[in-house]
Amino acid sequence: MTLTSRHELETNVVTPTIRKASRKFLYWVIAVVALLALALVTIMFNGSAQSAGPPLSPNDPGPQGGKALAEVLRAQGVSVSAVDGMRQTRKIATDPSTTTIFVVDVKGYLDGDALRELTTLSSNVIIMSPTFDQLDELAPEIALAGNVNGTISAECSLRPAQRAEAIVGDGIGFRIIEPSADAIECFDSGDDVHSLIQIRDGAKHITVIGARNSFMNEFVQRQGNAALALGVLGETPNLVWLVPTIAEAAAADGSASIAELTPPWVSTVMTLFILAAIAAAFWRGRRFGPLVVEALPVVVRASETMNGRARLYQKASDYLHTLDALRIGTIDRLGVLCGLPTVATVDDVIRAVAAATRRQPAEIGYLLRDAKPLSEAQLIQFSDELLTLEAAAAIATRPSSATMDSTATTTESGA
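Residues numbered from 1 in each chain as written. Predicted model: local features only at pLDDT ≥ 70, side-chain atom pairs only at ≥ 80, totals over all residues. Heavy atoms only, no water.

### Observations concerning the overall build of the protein
Inference 1: Per the secondary structure count, the protein includes 17 helices and 13 strands.
Inference 2: Each of the 415 residues in the protein was classed as buried or not, and the buried ones make up 32%.
Inference 3: For the protein, contacts bridging at least 24 residues in sequence account for 64% of all contacts bridging at least 6.
Inference 4: Total accessible area on the protein is roughly 26200 Å²; 58% of this is exposed by carbon and sulfur atoms. (Helix = DSSP H or I, 4+ residues; strand = E, 2+ residues; numbered from the N terminus. Buried < 20%, exposed > 50% of the residue type's maximum accessible area, 1.4 Å probe, protein only. Contact = heavy atoms within 4.5 Å. Areas by Shrake-Rupley, 256 points an atom, 1.4 Å probe, with all protein chains shown as cover.)

Here you go:
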């Protein structure tokens with residue numbers, strides 16, 4: 001076995017080209033492009049079905065959103081302001097006579113004080129699908145009266161409802177429980193249940209609407225849904241579209257958020273810690289140089305392989321594997337000493353060695369096949385016994401001096 005010279009190794013080193021390097025990353029590039037394409041297709045086919053916010057949000061283009069109405073109202077000259085709390089509503093609703101407040105509070109985040117305040121900020125308050133508590137605060141003359149669905153005719157004097165003539169969409173119904181109230185009832189579904197009721201108190205109007213689906217992007221173009229929605233919401237130049245969030249409920253309860261309770265210096269300290277961690281990662285992180293490609297075959301010394309495997313066995317405390325490696329070499333040499341062919345089995349070697357050394361086959365079989373070291377000391381003991389057995393077999397199979405002398409005498413007499 002010859003070793004390659006340093007000059008030959010240097011001439012076999014090939015610097016990777018851009019083409020070869022790009023081939024290694026070609027699979028990952030294709031995988032990333034495929035994933036992006038799949039995500040794009042998924043968004044194209046299912047994006048319209050995803051909701052970007054709560055129902056009837058003016059910024060939601062999904063089926064349950066109300067962005068279609070908001071955009072059409074803006075195109076008609078109505079100033080539509082999308083807000084999610086009372087603080088923003090107070091800033092925008094500066095003139096009650098020219099402002100309409102459209103409330104979509106499905107989760108009931110607004111408390112009674114906030115609902116009553118809305119009537120002071122606007123002379124035209126419209127609430128969609130109100131709950132029992134919301135009706136009790138805004139319009140106690142109205143009560144819930146079950147669900148409403150299908151196509152419903154207007155049959156009232158309200159101008160937006162007359163222009164719509166009929167609407168279609170599921171929702172809830174209402175009933176007047178105080179006959180003396182000045183109210184307009186529209187879209188009667190039978191049994192004196194209506195989908196829209198407007199309570200009038202002089203110049204102030206409070207309108208409750210139960211047909212929530214009629215205002216959604218998915219159903220707004222059916223029947224007279226669009227005419228009703230645009231007419232009701234576009235009566236004044238300014239429209240405040242209020243969709244409260246859970247933050248409004250927390251503010252109403254007076255509970256402080258985590259950000260408000262956190263001291264100001266915490267953010268600065270956290271930023272410094274993050275910057276220090278990033279700097280430490282660049283400072284102490286491992287830096288690997290470029291890979292060096294070496295042409296095969298490469299000649300490796302047998303001693304290097306032996307020492308490398310021995311260190312691995314020692315590190316893993318793999319005593320049995322180490323003893324098996326020693327046994328394989330011993331069995332091969334014992335077979336040669338006993339004159340056995342290379343195809344001889346371990347049992348053949350055990351019987352031949354037992355006959356030559358006059359030992360019990362079970363003793364030799366235990367040493368060559370069954371022994372299992374449990375510690376490094378036992379491994380060394382079995383290794384010494386293998387050397388002793390191999391030496392005994394070598395002595396037993398060596399020709400004696402008397403046999404060699406008789407062979408030489410016979411040869412001379414024959415000559």
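### Structural notes on the packing of aromatic side chains
Inference 1: The full count for this structure, using the stated rule, is 3 aromatic pairs.
Inference 2: When the centroid spacing of 6.1 Å and the interplanar angle of 35° are considered together, the rings of Phe102 and Phe215 count as tilted. Of this pair, Phe102 sits in strand 3 (residues 99-103) while Phe215 sits in the loop between strand 11 (204-209) and helix 8 (225-233), placing them 113 residues apart in sequence.
Inference 3: Take Phe102: its relative accessible area is 0%, and that puts it in the buried class.
Inference 4: Aromatic side chains Tyr366 and Phe382 sit 6.3 Å apart centroid to centroid with 75° between the ring planes, which places their arrangement in the edge-to-face category. Taken together, the residues span a long stretch of sequence, with Tyr366 in helix 15 (residues 361-370) and Phe382 in helix 16 (residues 376-396) at a distance of 16 residues.
Inference 5: Ring pairing ties together the aromatic residues Phe102, Phe215 and Trp241, which thus form one cluster. (Phe/Tyr/Trp six-rings, centres within 6.5 Å; stacked < 30°, edge-to-face > 60°.)

### Comments concerning helix 12 (residues 302-316)
Inference 1: Look at helix 12: 21 Å from first C-alpha to last across 15 residues, which is about the 21 Å you get at 1.5 Å a residue.
Inference 2: Across the 15 residues that make up helix 12, only a small minority, 0, are buried.
Inference 3: One or two steps after helix 12, the chain reaches Ser317, where phi turns positive at roughly 55°. (Expected span 1.5 Å × (residues − 1).)

### A look at the environment of His194
Inference 1: Take His194: it is sitting in strand 10 (residues 194-201).
Inference 2: Through-space distance from the C-alpha of His194 to that of Arg175 is 6.5 Å; in sequence the pair is 19 residues apart.
Inference 3: The residues contacting His194, other than those within four sequence positions of it, are Ile172, Gly173, Phe174, Glu185, Cys186, Phe187 and Asp188.
Inference 4: In this structure the side chain of His194 is engaged in a polar contact, spanning 3.5 Å, whose partner is the side chain of Glu185. (Polar contact = N/O pair within 3.5 Å; in protein donor to acceptor, adjacent residues only side chain to side chain.)

### Considerations on unusual backbone geometry
Inference 1: Not every positive phi belongs to a glycine, and Leu56 is a case in point at roughly 60°.
Inference 2: Mapped onto the fold, Leu56 is located in the loop between helix 2 (18-46) and helix 3 (67-75).
Inference 3: Of the residues examined, Leu56 reaches a relative accessible area of 0% and is grouped as buried.
Inference 4: Of note, Gln223 is a non-glycine position whose phi angle comes to about 45°, a positive value.
Inference 5: With respect to the helices, strands and loops of the structure, Gln223 is situated in the loop between strand 11 and helix 8.

### Re the confidence of the model for the protein
In low-pLDDT segments, the atomic positions of the prediction should not be examined closely.
Inference 1: Across the protein, the average pLDDT comes to 81, with 81% of residues at or above 70.
Inference 2: Counting interchain partners and residues more than four positions distant, the pLDDT-below-50 stretch residues 1-16 has 16 contacts.
Inference 3: Note that pLDDT drops below 50 for residues 47-51; the model gives that stretch 8 contacts with residues more than four away or on any other chain. (pLDDT = per-residue confidence, 0-100.)

### Here's the deal with the side chain of Ser122
Inference 1: Locating Ser122 in the fold gives a position in the loop between helix 5 (112-121) and strand 4 (124-128).
Inference 2: A relative accessible area of 1% places Ser122 in the buried class.
Inference 3: Polar side-chain contacts of Ser122 include one of 2.4 Å to the backbone oxygen of Thr99.
Inference 4: Polar contacts involving the side chain of Ser122 include one to the main-chain amide nitrogen of Asn124, which spans 3.0 Å.

### With respect to the pattern of salt bridges
Inference 1: Counted according to the given criterion, the structure contains 9 salt bridges.
Inference 2: With a shortest N-O distance of 2.9 Å, Asp324 and Arg327 are connected by a salt bridge. Of the two residues, Asp324 and Arg327 are both situated in helix 13 (residues 319-337); the distance of 3 residues between them amounts to about one turn of the helix.
Inference 3: Overall, Arg327 belongs to the buried group, its relative accessible area being 4%.
Inference 4: Salt bridges sharing common partners tie together Asp113, Arg116 and Glu137. (Salt bridge = Lys/Arg side-chain N within 4 Å of Asp/Glu carboxyl O.)

### Details of the packing of helix 14 (residues 346-357) against helix 15
Inference 1: Two elements in contact, helix 14 and helix 15, have axes separated by 9 Å at closest approach and are oriented at 130°. In terms of axis orientation, helix 14 runs oblique to helix 15. As helix 14 packs across helix 15, the resulting crossing turns out to be right-handed. Each of Asp347, Ile350, Val353, Ala354 and Thr357 in helix 14 lies in contact with helix 15, whose residues at this interface are Pro361, Ile364, Gly365, Leu368 and Arg369. (Axes fitted to C-alpha atoms, helices over the stretch in contact; angles between N-to-C directions. Parallel < 35°, antiparallel > 145°, perpendicular 65-115°, else oblique. Left-handed = near helix turned anticlockwise from the far one by under 90°.)

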